[in-house]
Amino acid sequence: MAAEFKTAQPVEYYKQFLKEEVRPDGRELGEIRSTILNVGSISTAHGSALVKLGNTTVVCGIKGEFASPTVEEPKKGYLVPNVDLPPLCSAQFKPGPPSIQAQVTSQLVADTLLSSNLLNYEDLCIKEGNMVWVLYCDMMCLDYDGNIIDACLIALLAALRNVRLPVVTIDEDTGLAELSSTEDRSLNIVNQFAATTFSVFDDSILLVDPTVEEEDLATGLMTVIVTQDGRLCNIHKPGGTPLSTDQIQDCIGRAQTRAKEICSLIDDTLDSIER
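Please read these numbers as outputs of a predicted model, since none were measured by experiment.

A. Representation of the sheet that holds strand β11 (residues 220-227) in the model. Strand order in the open sheet formed by four strands is β10-β9-β11-β12, with antiparallel pairing between adjacent strands. Two strands close off the open sheet at either side, each with one partner strand: β10 (205-208) and β12 (232-236). Each strand axis lies, on average, 25° off the axis of its neighbour in the sheet, ignoring direction. Across eight bridges, strand β9 (residues 193-201) lies against β11 in antiparallel orientation. What sits directly across from Phe-193, in β11, is Thr-227. Seen against the sheet, helix α3 (residues 100-115) touches β9, β11 and β12 and runs at an angle of roughly 160° to β12.

B. Fine view of the UniProt feature "domain: Exoribonuclease phosphorolytic" (unreviewed entry) in the protein. UniProt records the feature "domain: Exoribonuclease phosphorolytic" (unreviewed entry) for residues 31-166 and 193-256 in the present numbering. Along residues 31-166, the helical share is 23% and the strand share 37%, with 41 Å between the first and last C-alpha atoms. Helix and strand shares over residues 193-256 are 28% and 41% respectively, and the end C-alpha atoms of the span are 9 Å apart.

C. Region of the structure containing unusual backbone geometry. The backbone of Glu-21 sits at a positive phi, close to 60°, despite the residue not being glycine. Its location among the elements puts Glu-21 in the loop between α2 (10-18) and β1 (35-39). Classification of Glu-21 as exposed rests on a relative accessible area of 53%. Although it is not a glycine, Asp-203 sits at a positive phi angle of roughly 65°.

D. Spatial organisation of the pattern of salt bridges. What the rule picks out here adds up to 13 salt bridges. Asp-267 is paired through a salt bridge with Arg-161; the nearest N and O atoms lie 3.0 Å apart. Of this pair, Asp-267 sits in helix α6 (residues 245-274) while Arg-161 sits in helix α4 (residues 148-162), placing them 106 residues apart in sequence. Look at Asp-267 and you get partly exposed, because its relative accessible area is 26%.

E. Fine view of the layout of surface pockets. In this model, the largest pocket occupies a volume close to 310 Å³. Around the largest pocket, the lining is made up of 17 residues, and of these Gln-101, Tyr-144, Ile-149, Glu-215 and Leu-221 lie nearest the centre. For the lining of the largest pocket, the secondary-structure elements that each account for two or more residues are α3, α4, α5 (212-217) and β11. Partitioned by chemical class, the residues of the lining of the largest pocket number eight nonpolar, seven polar and two charged.

F. Broad picture of the environment of Val-11. Turning to its location among the elements, Val-11 is positioned in helix α2. With 216 residues separating them along the chain, Val-11 and Thr-227 place their C-alpha atoms 35 Å apart. Apart from the residues lying within four places of it in its own chain, the contact partners of Val-11 are Phe-201 and Leu-217.

The rules behind each value
- Residues numbered from 1 in each chain as written.
- Predicted model: local features only at pLDDT ≥ 70, side-chain atom pairs only at ≥ 80, totals over all residues.
- Heavy atoms only, no water.
- Pairing = 2+ DSSP bridges.
- Helix = DSSP H or I, 4+ residues; strand = E, 2+ residues; numbered from the N terminus.
- Axes fitted to C-alpha atoms, helices over the stretch in contact; angles between N-to-C directions.
- Contact = heavy atoms within 4.5 Å.
- UniProt positions renumbered as here; feature names shortened; annotations may be inferred.
- Buried < 20%, exposed > 50% of the residue type's maximum accessible area, 1.4 Å probe, protein only.
- Salt bridge = Lys/Arg side-chain N within 4 Å of Asp/Glu carboxyl O.
- 1 Å grid on protein atoms, 1.4 Å probe; cavity = no way out; pocket = protein on both sides within 12 Å on 5 of 7 lines; lining within 4 Å.
- Points joined across faces, edges and corners; volume = space filled by probe spheres on them.
- Nonpolar A, V, L, I, M, F, W, Y, C, P; charged D, E, K, R; others polar.

Here it is in structure tokens:
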């Protein structure tokens, strides 16, 4: 009977739970699903991570290649993020060109990398004006159950923390790059970040870390991205119900707490690997 009611009137079904300050999956309104992180699982990548946020699962692989720097910034390498939402992760995504959601998420990730001052891109320079590292950061969703932005940014940050690039020298006679087979180095990550996504239900109720059902029923969505030290990095709100100043401040406060939790989770996971 409950399943039929949920199918016929999903909004009313949710209201019955929310008036008791609980969600159908048993979480409180501000409760985030369990977050599981695995780092370094792709042996062919220079860095990788797999994240499970509830059922939402994202894997990020990072591959470094040589490239020419831009004319404007001859001493800087660069990162190229891409988010893939294939049909295997959800029936709502079809084969063919990237969906609008995948494109929007990829651009948001790219904007976040720039605004967060994650690293000094000059560290990716091999030879000024001639050769730099470009890091291709590919995030693929394996199971989609809402809140893809948060999961992608956790996977990306953990994978970047896991990156090991071979030490490169330039042969003075040939001008060719030579990769060391014994020495490598990590990236100097100077400013970490994390995202927290909120859905607005019935124009007034804020739900943290929405499932795909909650996204579909939402009258608005907002993602707040902050750095580890609490600095606001980005806010993504694709239309929908407007939020009051107090609500936005509350969301930022929750996001600051979440950023500290995510950075601690990544630290603990990397420490367990190094032991």
